[in-house]
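Listed here are the chains, written in short residue letters.
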Amino acid sequence: MGDFNRPRSGGFRGNRGFGGQRSSTGFARSSSSSSRSSGSSSSSSGYSRSSGSSSGSSYRPHSRGGSFGGGRSRFSSPRGGNRGRGGRRMGERIDASRYIRKAELADNTIIHIPEWNYDELKVNKVLKENILKHGFTAPTPIQEKAVQPILDGKDFLGIANTGTGKTGAFLIPLIEQVFKNRDMQILIVVPTRELASQINEELLKLTRDLRMYSVQCIGGASINPQINALRRGFNFIVGTPGRLNDLIERRVLNLSTFSTVVLDEVDRMLDMGFVDEIKQLINRLPEERQSLFFSATLNNKVEAIMHLMLKNGYEKVSVVTGSTAKNVDQDIIKVVDRKEKINKLQDLLSTKGFDKVLVFVSTKREVDYLEEILQGNNFRVEAIHGDKRQRQRERAIENFKRGVAKILLATDVAARGLDIANVSHVINYDEPNTYDDYVHRIGRTGRADKSGVALTFIQERKF
């Protein structure tokens, strides 16, 4: 394959990769995950669906005996986390009937037939082998329409639902560009640490044996190993806005050397309060660059950032397929108060078929409280939120993926980006702030044409 020339580092030298470890294909990434010793609950309480009109339909778990948990403990706030304005946003009023929808039969699903397949794609041999080993045979709609324009160096605007393959749509052509020009530096900006880790993992798989290097720059992890990694040189940076601006302020990161920038999940970044940070990043990039812009929705705030970033003549593709996944069965659970809410949650989690359950909770404190209660009742549970250290969050997600834990409690930090296979149920323990948030939450189940269930707790007073 020829000699490998180390990529430019902008005058900086050091280690590369996540947490200061080498993040290069051909090097195995060690992952230390500890498992909890608690077993799953042995309760077999079931639920039954009530009949009647859609507004009155609900899952009704059988009544659970006993108390809903011990006294509340005091929770500390560890250091770290992204820098978005983390307070709970004022939510819109969502009619409860919008949380109720029967999954459509697979026979009604339109099958996408692409015009080309990955074994026909004109990229280097090693990348093509990695694509096929990764399980990609036919491109998704967003990949089919994005790969060639990005390969051609065009600016690109992609509007697509979560879980449609956006990551592959930009990584595959960018890897090919770096293969042809080892001096290229590419910046990928995302809203959350979890999405950054997921993209970096995809990058490692697709660049195996290509000797390309990436650095993950995220909050919640020590900044010093990341500084050392940047100083050694890289081809890709995957980072969150707050940490990237920290590195710029420390004069460790110089964006004027980057030829390509990707903003992914832009609407989510703006929701999290990263408007100023994104503008600062864009202002530090060179005028001559390729810009790729991905968002699930397009509103005035998103368009304002889009116009700052994209050149005239950019390629625009929209593959939004609908408001919520057609193969997700959606329903509500009526509750009167917090005690009944917790009891019904435990009943559901004890029910056969609730094999891999993602539970969304509105506040960090409530996540911690529920985690304590569920662990005390021998549920195999993990939890993530913004105050958890990065290693804790990674371990929790890995345990959930591997089945060590069957329940993952999360604030909306997990609503976008996480690609966890075979999530059987999403439970909205607390209602989302907006309907868009609801769409992104339930998008964690029913992925890859599989069926899923989404249940939302509703206070009786709403009826």
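Below you will find a few notes about this structure. One numbering rule holds for all chains: residues counted from 1, following each sequence as written. It should be noted that, the model being predicted, local features are given only for residues of pLDDT at least 70 and side-chain atom pairs only at 80 or more, the latter also being counted only at that level, while totals for whole chains, interfaces and linings use all residues. The side-chain values count all of the structure's non-hydrogen atoms but skip hydrogen atoms and water molecules.

Focus on the nonpolar core
Formally: We call a set of buried Ala, Val, Leu, Ile, Met, Phe, Trp, Tyr and Cys residues a nonpolar core when their side-chain atoms join them within 4.5 Å. The buried label applies to any residue whose accessible area, calculated with a 1.4 Å probe on protein chains only, is under 20% of its type's maximum; exposed applies above 50%, and partly exposed to all values in between. Numbering of helices and strands runs from the N terminus, with a helix taken as a DSSP run of H or I at least four residues long and a strand as a DSSP run of E at least two residues long. It only takes one pair of heavy atoms within 4.5 Å for two residues to be counted as in contact.
Residues F170, I175, I188 and F236 are the most contacted members of the largest nonpolar core, which totals 39 residues. Elements with a contribution of two residues or more to this core: α1 (125–133), α2 (141–151), α3 (166–180), β4 (186–189), α4 (193–206), β6 (236–239) and β8 (290–295). The contacts of I175, once residues within four sequence positions are left out, are L127, L203, L206, T207, L210, M212 and F236. Counting 36 residues, the second-largest nonpolar core is a separate cluster that includes I159, L230, F234 and F293.

Re the sheet that holds strand β13 (residues 407–410)
Going by this rule: We treat two strands as partners when DSSP finds at least two bridges between them. Convention adopted: a line fitted to C-alpha atoms gives each axis, helices being fitted over their contacting stretch, and angles between N-to-C directions are expressed from 0 to 180 degrees.
Across the sheet, which stays open at both edges, the six strands sit in the order β10-β15-β14-β11-β13-β12 with parallel pairing between neighbours. This sheet does not close on itself; its edge strands, each paired only once, are β10 (328–335) and β12 (381–384). Going from strand to strand, the sheet's axes swing by 20 degrees on average, the running direction of each strand aside. As paired strands, β10 and strand β15 (residues 452–459) are joined by eight bridges and run parallel to one another. The residue bridging I333 from the neighbouring strand is F457, located in β15. Each of β10, β11 (357–360), β14 (425–428) and β15 touches helix α13 (residues 435–442); the most contacted strand, β14, lies at about 150 degrees to it.

Details of the packing of α2 against α3
To keep it simple, the criterion reads: Oblique is the label for any angle not covered by the other classes, which are roughly parallel (under 35 degrees), roughly antiparallel (over 145) and roughly perpendicular (65 to 115). Whether a crossing is left-handed or right-handed is set by the direction in which the near helix is turned from the far one by less than a right angle, anticlockwise for left-handed and clockwise for right-handed. Each residue is assigned to one of three groups, with Ala, Val, Leu, Ile, Met, Phe, Trp, Tyr, Cys and Pro labelled nonpolar, Asp, Glu, Lys and Arg labelled charged, and all others, Gly among them, labelled polar.
Between α2 and α3, the shortest axis-to-axis distance is 8 Å and the interhelical angle comes to 25 degrees. Taken together, the axes of α2 and α3 are roughly parallel relative to one another. Here α2 and α3 pass one another in a crossing that is right-handed. Touching I142, Q143, A146, V147, I150 and L151 of α2 are K166, G168, A169, F170, P173, L174, E176 and Q177, all from α3. Classifying every residue of the contact of α2 with α3 by side-chain character gives nine nonpolar, three polar and two charged.

Notes on the sheet that holds β6
Sheet architecture is open: seven strands sit in the order β5-β6-β4-β7-β8-β3-β9, paired in parallel fashion. The outermost strands of the open sheet, each flanked by one partner alone, are β5 (214–217) and β9 (315–318). For this sheet the average axis-to-axis angle between neighbouring strands, irrespective of direction, equals 10 degrees. Examined bridge by bridge, β4 and strand β7 (residues 260–263) share four bridges and lie parallel to one another. By the bridge assignment for β7, I188 is matched with V262. Across the sheet, helix α5 (residues 223–230) lies against β5 and β6, angled at about 155 degrees from β5, the strand it touches most.

Examining the pairing of β10
Strand residues, when the strand is regular, have side chains that alternate between the two faces of the sheet. Of all eight residues making up β10, eight are buried, and the element is well covered by its neighbours. The side-chain alternation of β10 yields two buried faces, one formed by V328, Q330, I332 and K334 and the other by D329, D331, I333 and V335.

Remarks on the pattern of salt bridges
The criterion, for reference: For this analysis, a salt bridge means a side-chain nitrogen from Lys or Arg found within 4 Å of a carboxyl oxygen belonging to Asp or Glu.
One pass over the structure, following the stated rule, counts 14 salt bridges. Residue K154 is joined to E315 by a salt bridge in which the shortest nitrogen-to-oxygen separation is 3.7 Å. Placement of K154 in the loop between α2 and β3 (156–159) and of E315 in strand β9 is noted, with a sequence separation of 161 residues between them. Among the ionic pairs, E176 bridges to K180, the shortest N-O distance being 3.9 Å. Here E176 pairs with K180, and both are found in helix α3, just four residues apart, close to one helical turn. Overall, the relative accessible area of 4% leaves E176 in the buried class. According to the relative accessible area criterion, K180 is exposed, its value standing at 64%.

Description of α3
Test applied: Here a helix's expected span is defined as the number of its residues, less one, multiplied by 1.5 Å.
Its 15 residues give α3 an end-to-end C-alpha distance of 22 Å, which sits within 8% of 21 Å, the value for a rise of 1.5 Å per residue. Along α3, 13 of the 15 residues are buried, which leaves the element largely enclosed by surrounding structure.

Read these as layout, nothing more, since geometry by itself doesn't imply function.
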